[in-house]
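One-letter residues, chain by chain:
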Amino acid sequence: MEELPESHAWLLDDSPSFGSSVPDLVPVINLDDPNVMTLFGHACKTWGVFQITNHGVPTKLLQEMEDASRKLFALPIQQKLQAARAPNGVSGYGVARISSFFLKLMWSEGFTVVGSPYEHARKLWPNCYTKFCDVIEEYKKEMNKLAQRLMSLILGSLGVTMDDVKWACLQGSSSALQLNSYPACPDPDRAMGLAAHTDSTLLTILHQNNTSGLQAYKEGIGWVTVPPIRSALVVNVGDLLHILSNGLYTSVLHRAKVNRTQHRLSVAYLYGPPSNIQISPLSKLTDKGHPPLYRPVTWSEYLGAKAKHFNKALSSVRLCAPLNGFADANDHNRVQVG
Ligand SMILES: C=C1C[C@]23C[C@H]1CC[C@H]2[C@@]12CCC[C@@](C)(C(=O)O1)[C@H]2[C@@H]3C(=O)O
Ligand SMILES: O=C(O)CCC(=O)C(=O)O
Ligand SMILES: [Fe+2]
């Protein structure tokens, strides 16, 4: 394709950064750093996103996951549609779930895995789906281990332990895997790979191939690119951690831009609590002067709120009205919702 179709042309106002003249960089934290807990706390408060190194996930597994994902998206469209996500389903191949909230189309395709990948993988590769499934299962296992470790550090930085949070050490945590593919695009400045959103998770662990595109929004600065670092994984605070920390740690607004010549791939591990557990602001963080700002919600309930209110889901579970409403840099591309 030589030209961007109008259906995919976004109205973007990406005025260059304002505020500071010193470039502000997303923190990179070495998990072996003796101060790791403090560094996590600071990063969660000021950015809501950071990169981690020395995370212990084998490079080989990250590469295998990337290869498996590349292979999936390289299949003929007819084949991919065999594994299409059902209209009300969550797993499978399709456009970004948040597409319905926007007037323009996104320059991407995705594949979501919740639970076992077998059913969909069999439709993609009727004769040889085992390798793909093995990689997915192994990746989910490693990511779950890492997520638990990150969660315990993050809770520690809030002054609570895994024991204070009964569900935190339960094995039943729910998670989803989201594979994203962003083909090279003839007019990347006017296109959008994945529109600005926050994740509904406690936290998300993202692996990106060596093509940049992920951007995080920082108050007073604007969109900041989170550059791919080979040995690093990106961690971002999701809405449920925002609620749990009573707003102390902010779920970061992020988006993915696309590239003129390079095909970009990313794999997000979306980590949440066991689905029927109610998440509410930690009692250790609230008192008379700091009342809880959010009502208790389960993850499944919150996903429902997200499907309905999208970027206003967090305010929909807020107890006291926020001082200023949530407007984001993409609002002019939005379908108006209640
Ligand atoms: C467990 C989850 C979390 C989901 C929904 C469901 C499966 C796929 C996740 C994502 C992945 C892409 C961004 C997002 C906003 C989307 O559209 O689908 C995410 C959403 C959420 O974080 O709300
Ligand atoms: O592709 C990226 O870098 C971002 C993906 C993302 O935000 C998501 O899958 O939730
Ligand atoms: Fe995301």
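Above this note sits the structure.
About the cut-offs
- Residues numbered from 1 in each chain as written.
- Chains lettered and ligands numbered in written order.
- Predicted model: local features only at pLDDT ≥ 70, side-chain atom pairs only at ≥ 80, totals over all residues.
- Heavy atoms only, no water.
- Salt bridge = Lys/Arg side-chain N within 4 Å of Asp/Glu carboxyl O.
- Helix = DSSP H or I, 4+ residues; strand = E, 2+ residues; numbered from the N terminus.
- Buried < 20%, exposed > 50% of the residue type's maximum accessible area, 1.4 Å probe, protein only.
- Pairing = 2+ DSSP bridges.
- Axes fitted to C-alpha atoms, helices over the stretch in contact; angles between N-to-C directions.
- Near = heavy atom within 4 Å.
- Polar contact = N/O pair within 3.5 Å; in protein donor to acceptor, adjacent residues only side chain to side chain.
- Areas by Shrake-Rupley, 256 points an atom, 1.4 Å probe, with all protein chains shown as cover.
- Nonpolar A, V, L, I, M, F, W, Y, C, P; charged D, E, K, R; others polar.
- Donors = N, O, S within 2.8 Å, 3.2 Å for Na, K, Ca; no water.
- Parallel < 35°, antiparallel > 145°, perpendicular 65-115°, else oblique.
- Left-handed = near helix turned anticlockwise from the far one by under 90°.
- Contact = heavy atoms within 4.5 Å.
- Phe/Tyr/Trp six-rings, centres within 6.5 Å; stacked < 30°, edge-to-face > 60°.
- Lys NZ or Arg CZ within 6 Å of the ring centre and 35° of its normal.

As a further point, take the pattern of salt bridges. Following the criterion strictly, the structure yields twelve salt bridges and no others. Residue E6 pairs with R190 through a salt bridge whose shortest N-O separation is 3.9 Å. You can see E6 sitting in the segment before β1 (28-30) and its partner R190 sitting in the loop between β5 (175-182) and β6 (194-197), a full 184 residues away along the chain. On the accessibility criterion, R190 (33% relative accessible area) is partly exposed. Here K60 and E64 are joined by a salt bridge, their closest N and O atoms 3.4 Å apart. You can see K60 and its partner E64 sitting in helix α2 (residues 59-73), four residues apart, about one turn around the helix. Each of E6, D187 and R190 takes part in salt bridges that share partners, so that together they form one network.

For the rest of this paragraph, the subject is the sheet that holds strand β4 (residues 109-113). As summarised here, the arrangement of the eight strands in space is β1-β2-β10-β7-β12-β5-β4-β3, forming an open sheet in which the pairing is mixed. Pairing within the sheet leaves two strands with one partner each, and these edge strands are β1 and β3 (92-94). Strand-to-strand twist across the sheet, computed as the mean angle between neighbouring axes with direction ignored, equals 25°. Where β5 meets strand β12 (residues 264-271), eight bridges bridge the pair, whose relative direction is antiparallel. Its bridge partner being in β12, L179 is matched across the sheet by V267.

What follows covers the site of ligand 2. Taken together, 13 residues surround ligand 2, and among them N180, Y182, H254, R264 and S266 come closest. In the environment of ligand 2, an oxygen atom lies 3.3 Å from a nitrogen or oxygen atom belonging to the side chain of D199. A distance of 3.0 Å is found between an oxygen atom of ligand 2 and a side-chain nitrogen or oxygen belonging to H254. Surface burial for ligand 2 is 95%, taken as the share of its 290 Å² of free accessible area covered by protein chains. Looking at the shell around ligand 2, its residues break down into six nonpolar, five polar and two charged.

The environment of ligand 1 is made up of 13 residues, and the closest members are R97, I98, D199, S200 and K306. Between R97 and ligand 1, the recorded distance is 3.2 Å, taken from a side-chain N or O atom to an oxygen atom. Contact distances for ligand 1 include 2.4 Å between an oxygen atom and a side-chain N or O atom of S200. For ligand 1, whose unbound accessible area comes to 440 Å², protein coverage reaches 93%.

This brings us to the coordination of the iron ion (ligand 3). Coordination of the iron ion (ligand 3) by the protein comes from H197 (NE2), D199 (OD) and H254 (NE2), over a distance range of 2.1 to 2.3 Å. Of note, the donors binding the iron ion (ligand 3) are all from one chain and are spaced H-x1-D-x54-H. Of the two residues, D199 is situated in the loop between β6 and β7 (203-208) and H254 in strand β11 (residues 254-256); the sequence distance between them amounts to 55 residues. Since its relative accessible area comes to 8%, D199 is described here as buried.

Look at α2 against helix α5 (residues 130-157): their axes get within 10 Å of each other, and the N-to-C directions meet at 135°. Comparing their axes, α5 and α2 come out oblique. Both α2 and α5 take part in a crossing whose hand is left-handed. Listed contacts from α5 to L61, L62, E64, M65, A68 and L72 of α2 are K131, F132, V135, I136, E138, Y139, E142 and M143.

Let's shift gears to the packing of aromatic side chains. Counting across every chain of the model gives nine aromatic pairs. Ring geometry for W10 against F102: centres 5.3 Å apart, planes inclined by 40°, an arrangement best described as tilted. Within this pair, whereas W10 is found in the segment before β1, its partner F102 is found in the loop between β3 and β4, the two being separated by 92 residues in sequence. For the pair W10 and F102, a shared accessibility class is recorded, and that class is buried. Aromatic pair Y118 and Y129: ring centres 6.3 Å apart, planes at 85°, arrangement edge-to-face. One end of the pair, Y118, is in helix α4 (residues 118-124); the other, Y129, is in the loop between α4 and α5, with eleven residues separating them in the sequence. Its end group placed over the ring of W125, K71 keeps NZ or CZ at 5.9 Å from the ring centre.

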